[in-house]
Amino acid sequence: MKKIVSIFVLFLSFTGFVFCSDQADLNKELHRLDTEYERYLQEGDFINAEKTAMLFLQYQLSDYYKGLAYSWLATIYTRLGRYNDAISSLKKIESLKLSEGEKYYMVPYVYASQAVVFERRRSYFQAIEYTDKAIRLCKEVQSDEKYFKEALATSYHNMGTYYNPLGEYNTALKYFALSMEFKEDNGLAEKAMTLNTMAKSYVGLGDFIKAEDLFRKSIETGISENGNKYFKLIDLCYNYGEFLQNQGRFREAFAMFNNSLKRSLELYGSKHNQTSVIYGFIARNHLLSGNVDSAIYFYQKSLISIVSTFNETDIAKNPEIDSSFLDTKLMNSLKGKSNALEVLASRQSGDQKLKTLELSLNTIVLALDFIDAIRNNDPSEENMMYITGIEKETYLSALRIASSIYHLSNDELMLKRMYSIALRAKAAVLKNQITGNNLLYSSALPEKIRTKLLNLSSNIAGYNKLILDENSKVSPNASMISLWQDDLFEMKKQKEGLADSISKVFPQYFSVLRKTTPVPLELIQKELEKDETIIDYFISNKYVDGKRKLYMFLVDRKKISLIERDVDSLFSKNASVLHSMADPLSDKRAVTGYFRSCTSALYYFYQNLILPAEGFLRGKRLIIIPDEEINWLPFEAFLKEAPGKDKNDFDGLHFLLKDYKFSHSYSASLLVSDPQKSGGTKVYSFSPYYGVLSGYDSLDGAMGEINNISNLMGGESFTFNKATKAAFLKSLSRPGIFHLAMHSITDSINSLYSYLQFDANNEGSESAKLYNYEISLSKVNSPLIVLSSCNSGTGNMFSGEGQLSLARSFILAGASSVVKTAWEVNDDSGSEIITRFYYYLSKGKSKDKALQLAKLDYIDNASPMLRDPYYWAAYEILGDNGPISGNEGKIVTIVTILIILSGVLYYYSRRRKIFPASPR
């Protein structure tokens, strides 16, 4: 943790406050609160410290003393990892009316503290901006006070550490040099850490000679400044050791790591997370230098060090995951041990190889359990960032190891276990969307319950963080840890009680959460029709030796199959070509080479994503579950044959649409859902009018589209100023089809805030926006939602997260299926396709069949120029793909009965001819 000089230290140096004599009683009370706050802070009782600061603010105070109380709160919230609250408290200080002298002391602290919070969130540009402001304010003071000198030196150092992750190493070095100069000129401490971080900058620049010189100097300086017992020498030594390790100088690295280990054992003992980290470094050094057995031995030591109740030296044993101990350093030890075991297995054969791989798999699955434990126990912001960064990589490691076992054993149970890992990964993505605190801001939760739940969740995460931080110290305070554990127990009990209240007031939240739970393969297979096959894709998000691993799981009613492929950069390049194909600007399609690059990409993906699977398909209905950039791809537009060299338009091309009916899902687990909604033939259509001043283009084809749908299906239309958000939410519980012909806006930063734009009355009104998070927590009782809007299926695609979209939110909220758009649709072609889609639905066709026929009709009737997939491939079916009314099944039944009756009548008529009736 970086040191930041806090004005709070200055505040605590006062023995009391000076108040007017006519406020003697108030002065006494405020002094009591100040004393109590200091005591609570020292005791680590942050709940009461927060209450004391809040009570302090209730009195009539000058702005300076309000600033003092807000600084208390900022200190508490930062310690607890409640960064939003910390920033909020610091910003309140900025708004106060302070004298020039007061500003000199308080405002630099505010900006520097905000910078630290931004750095912890990895928002480095904001951290730099706020630190720069703090530096300028400190320099303006021109004071010889030690406080300002330390503040400047620390701010210069921090500025360098903010530039390093951005790769701005020369700029970082400039600030480190200023920090060193200031420390040397003013006799300030902590020069060793600045030298160490300077060394890392030179590593980034590739100047390894200068870097090594500074690593050595940092250790020498640390000893000269603080002696051999200086606790930061542990970090200084293993940082230098890691540098040597990366240079391939393993013997010298061992010496540094052993030096660091010796100091850690002396200061912290064998049962400490710092000691565990160093064992991990030593283990990795052995692994890189080829000593696999030693690597496994030291990874086991690392596990023993970090888990107080685990002492098994047998490498076949692993610790149990305890939700009360969520130090992410344990995750690194588990992953390291699994990797080392996998390397060991590569040197073995036969049963021994299988046994080692199974142990490796069990260890990495334990790491996945650990991720779940973190997610389910109110994780701090740092922990959530950590697991988001390593989650996909960990799932891929588990799949890779399980795949090795499967190919060695040919055991179908292992193949099923592989798929359960993939299902778990997709389910985790869904859960991440639902459990975000932002979703709790739905109006469905009463304000009192919502506020209490958020505070409890934040404090539980904060107290877990406090316990871990305290355990990291040289001499952990056992009484503090015991106090925090008691507080944690009480907070968790309160949260359990609150959960019961929420389940009564708002059962939909828990209903949605249940949908994120992965289900057994057998249940998924029972949901499939005999002609349906799931193709579930799972692809690595990182290159290894220029390749990415692609897994294709094929699931039908009776079996599961696996196809594995390695793909290179051409995969991502072609995906980008098709992603850009969806650009609504028509001149993009007029550019020379567009046709050739587009069709080449469409043919490439047929060869790589469908052709290898065709031998495993049971029928012509495919359920696609994408991953990463596969989300962008229009499967129906894939080409079975590359166009000839002389071909220059899309007329007559063999699109995959002609051969298969497609539907999509975010996870196979979502296919096991509530029974098909009944009574769903009535259509509720919504289409606002976007005036000239609204900022949105008018949807000229929407009214004709709605009129056609009403004629085909019947229903109720909400158009112009009737198409309001309130009217839609009121109608949503009805078991009908909902057709939304309107604009959808994608939030490029946070897809939770993407929204559908209903009629605003007062243009741009916030009340007309239906946000993504609101949809997730609505109760939808519909067999079909049709999002005939722009970009309804798109959203941020983070590594391992897929696309967070409006369409997904409707599925999670209870809709059986959704028709979404993968890009901004053309108004004319979109209306034509959707109208034909409803026509075939009204005839009892399944949804995937209806959409296939609608698109084929469009292609058959469109001019050659308009057969470009841009005009027809945007619409996709998500979720259940059965017929709406069940007419198709009824027709089959009626026809069957008629055939049987005809047969019976024919039989009896023939019988009468052969055996005429006897005369009376």
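Everything numeric here is computed off the predicted structure, so don't read it as measured data.

Visitor: Teacher, can you tell me more about the packing of aromatic side chains here?
Guide: Any two aromatic rings considered together are summarised by their centre-to-centre distance and by the angle between their planes. Throughout the structure, instances matching the rule amount to 42 aromatic pairs. Ring geometry for Phe 215 versus Tyr 240: centroids 5.8 Å apart, planes at 20 degrees, classification stacked. Here Phe 215 is found in helix 11 (residues 208-226), whereas its partner Tyr 240 is found in helix 12 (residues 233-246), with 25 residues between them in sequence. An identical accessibility class is assigned to Phe 215 and Tyr 240; each is buried. Each ring, one from Tyr 839 and one from Tyr 840, has its centre 5.0 Å from the other, and the planes form 75 degrees; the classification is edge-to-face. One cation-aromatic arrangement involves Arg 39 over Tyr 40; the distance from NZ or CZ to the ring centre is 4.7 Å. Lying over the aromatic face of Tyr 666, Arg 808 brings its terminal NZ or CZ to 4.5 Å of the ring centre.

Visitor: Which parts of the structure should I look at to understand the packing of helix 6 (residues 100-120) against helix 8 (residues 146-163)?
Guide: If you want to describe how two helices pack, look at the angle between their axes and the distance between the axes. Where helix 6 contacts helix 8, the axes come no closer than 11 Å and their chain directions differ by 25 degrees. Taken together, the axes of helix 6 and helix 8 are roughly parallel relative to one another. The handedness of the crossing between helix 6 and helix 8 is left-handed. Two secondary-structure elements touch here, helix 6 through Tyr 104, Tyr 105, Tyr 109, Ala 115, Val 116 and Glu 119 and helix 8 through Tyr 147, Phe 148 and Tyr 162. Of the residues that constitute the contact of helix 6 with helix 8, the class distribution is eight nonpolar, no polar and one charged.

Visitor: I would appreciate a short explanation of helix 13 (residues 250-267) in the present structure.
Guide: Residue pairs spaced three or four apart in an α-helix point in one direction, given the helix's 3.6 residues per turn. Along its 18 residues, helix 13 runs 25 Å from first to last C-alpha, staying within 8% of the 26 Å computed at 1.5 Å per residue. Taken together, the buried positions of helix 13 are occupied by Ala 253, Phe 254, Met 256, Phe 257, Ser 260, Leu 261, Arg 263 and Ser 264. Elements in contact with the buried residues of helix 13: helix 11, helix 12 and helix 14 (273-288). Backbone geometry just downstream of helix 13 places Gly 269 in the positive-phi region, at approximately 90 degrees.

Visitor: Which parts of the structure should I look at to understand the environment of Lys 431?
Guide: Positionally, Lys 431 belongs in helix 19 (residues 412-435). Among the residues examined, Lys 431 registers a relative accessible area of 24% and is labelled partly exposed. For the pair Lys 431 and Thr 516, spaced 85 residues apart in the sequence, the C-alpha separation amounts to 5.4 Å. Among all residues touching Lys 431, those that are not within four sequence positions of it are Arg 375, Asn 376 and Thr 516.

Visitor: Hey, could you run me through the sheet that holds strand 11 (residues 769-771) in this one?
Guide: Two orientations exist for strands paired in a sheet by backbone hydrogen bonds: parallel and antiparallel. Spatial ordering of the open sheet is given by 9-10-11, a layout of three strands whose pairing is antiparallel. Two strands bound the open sheet, and with one partner strand each, they are strand 9 (744-745) and strand 11. Where strand 10 (residues 755-757) lies against strand 11, three bridges are found, and the strand directions are antiparallel. By the bridge assignment for strand 11, Tyr 755 is matched with Tyr 771.

Reading the values: the criteria
- Residues numbered from 1 in each chain as written.
- Predicted model: local features only at pLDDT ≥ 70, side-chain atom pairs only at ≥ 80, totals over all residues.
- Heavy atoms only, no water.
- Phe/Tyr/Trp six-rings, centres within 6.5 Å; stacked < 30°, edge-to-face > 60°.
- Helix = DSSP H or I, 4+ residues; strand = E, 2+ residues; numbered from the N terminus.
- Buried < 20%, exposed > 50% of the residue type's maximum accessible area, 1.4 Å probe, protein only.
- Lys NZ or Arg CZ within 6 Å of the ring centre and 35° of its normal.
- Axes fitted to C-alpha atoms, helices over the stretch in contact; angles between N-to-C directions.
- Parallel < 35°, antiparallel > 145°, perpendicular 65-115°, else oblique.
- Left-handed = near helix turned anticlockwise from the far one by under 90°.
- Contact = heavy atoms within 4.5 Å.
- Nonpolar A, V, L, I, M, F, W, Y, C, P; charged D, E, K, R; others polar.
- Expected span 1.5 Å × (residues − 1).
- Pairing = 2+ DSSP bridges.

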